[in-house]
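Next come the chains, spelled out residue by residue.
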Amino acid sequence: MDSILFYINKFSKDTKFKKFFKNHKEAYDSVITKWQSEVEEVFDYAWYSDFYGKDMKGKYHVVIAMSNGNNHYGPKLKIGDNIEEPYAILGYACGENNEIPPFYWYKGLVLHEFNHSFANSVVLNYDTMVWNAICDKIFKLTFGSMRLQAYGNGGTILDESLVRAVSIIYMMDHNEDIERIENTIFYEVSLNYFWMPELINSLKYYMANRDKYPDLQSFAPKLIEFIDPIIDMQMERVNGCFK
């Protein structure tokens, strides 16, 4: 850690970063103001804990990464044994003549990236043999299109599909425009998440039966029951070519 801090301080000094930051502070302040008025004031952070049945006990952090290009990330920071803090790191850039793009474009990304802090553990903590079997099938059926999206194994693909499905459930739960929700589902299917409708319906079943399933982790076996048949049907279509 000491060596990292040394090089960070050296970089700051060598690049005259304080002067650079001061020269661009007006743009940074404009971005923060726009974020607060367009997203922060209406974003429902409490929904995650309610939906997943898991309280992170920490703060939610949005990092508007204006030097990060078009990449976005959803890590979390673990503090001690009981506290976790989700992050949504958003690649964001001003347009020509320093125009500030509208943040409503980014609301879905914030929703998506925070989901990773919760959904990843559902995938990782489930029965390994069952999970690996379905992940292998998913990868065989989708590897061409998913590699183009930088998803290189079945576990990552299944995790990503859960994140996207929960994001759609959030949209439904917050009465967002029906046409927009429908277009989002069609878009996900077009990206080869062909099991997306079944996955969404499984999550709706979960929400309607929270007396049986106190958290999403306890629902994982049922989730597999919903999506496995559609995946097996696709496998059978391919295997049918050899009968």
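Located above this text is the structure these notes cover.
Residues numbered from 1 in each chain as written. Predicted model: local features only at pLDDT ≥ 70, side-chain atom pairs only at ≥ 80, totals over all residues. Heavy atoms only, no water.

Peer 1: Explanation requested: the layout of surface pockets in the structure shown.
Peer 2: One way to see where empty space is left: roll a probe the size of a water molecule over the atoms. Space inside the largest pocket adds up to approximately 830 Å³. Looking at the largest pocket, it is lined by 29 residues, and the ones nearest its centre are Leu109, His112, Glu113, Glu160 and Arg164. Broken down by class, the residue content of the lining of the largest pocket amounts to eleven nonpolar, ten polar and eight charged. Lining the second largest pocket are 14 residues, and of these Phe21, Tyr28, Ile64, Met66 and Ser67 lie nearest its centre. When residues of the lining of the second largest pocket are traced back to their parent elements, those giving at least two are α2 (17-23), α3 (25-40) and β1 (61-65). Sorting elements by how many residues they give to the lining of the second largest pocket places α3 first, with four residues. In terms of residue class, the lining of the second largest pocket is made up of eleven nonpolar, three polar and no charged. (1 Å grid on protein atoms, 1.4 Å probe; cavity = no way out; pocket = protein on both sides within 12 Å on 5 of 7 lines; lining within 4 Å. Points joined across faces, edges and corners; volume = space filled by probe spheres on them. Nonpolar A, V, L, I, M, F, W, Y, C, P; charged D, E, K, R; others polar. Helix = DSSP H or I, 4+ residues; strand = E, 2+ residues; numbered from the N terminus.)

Peer 1: Any chance you could explain the pattern of salt bridges here in plain terms?
Peer 2: Pairing is possible between side chains of opposite charge, provided their charged atoms come close. Inspection of every chain in the model, using the stated rule, returns twelve salt bridges. Two residues, Glu84 and Lys54, come together in a salt bridge whose shortest N-O distance is 3.4 Å. In this pair, Glu84 is assigned in strand β4 (residues 83-91) and Lys54 in the loop between α4 (46-52) and β1, connecting sequence segments 30 residues apart. Accessibility expressed as a relative area gives 14% for Glu84, which makes it buried. Under the relative-accessibility criterion, Lys54 is labelled partly exposed at 30%. Between Glu84 and Lys76 there is a salt bridge whose closest N-O contact spans 3.2 Å. Connected through shared salt-bridge partners, Lys54, Lys76 and Glu84 make up one network. (Salt bridge = Lys/Arg side-chain N within 4 Å of Asp/Glu carboxyl O. Buried < 20%, exposed > 50% of the residue type's maximum accessible area, 1.4 Å probe, protein only.)

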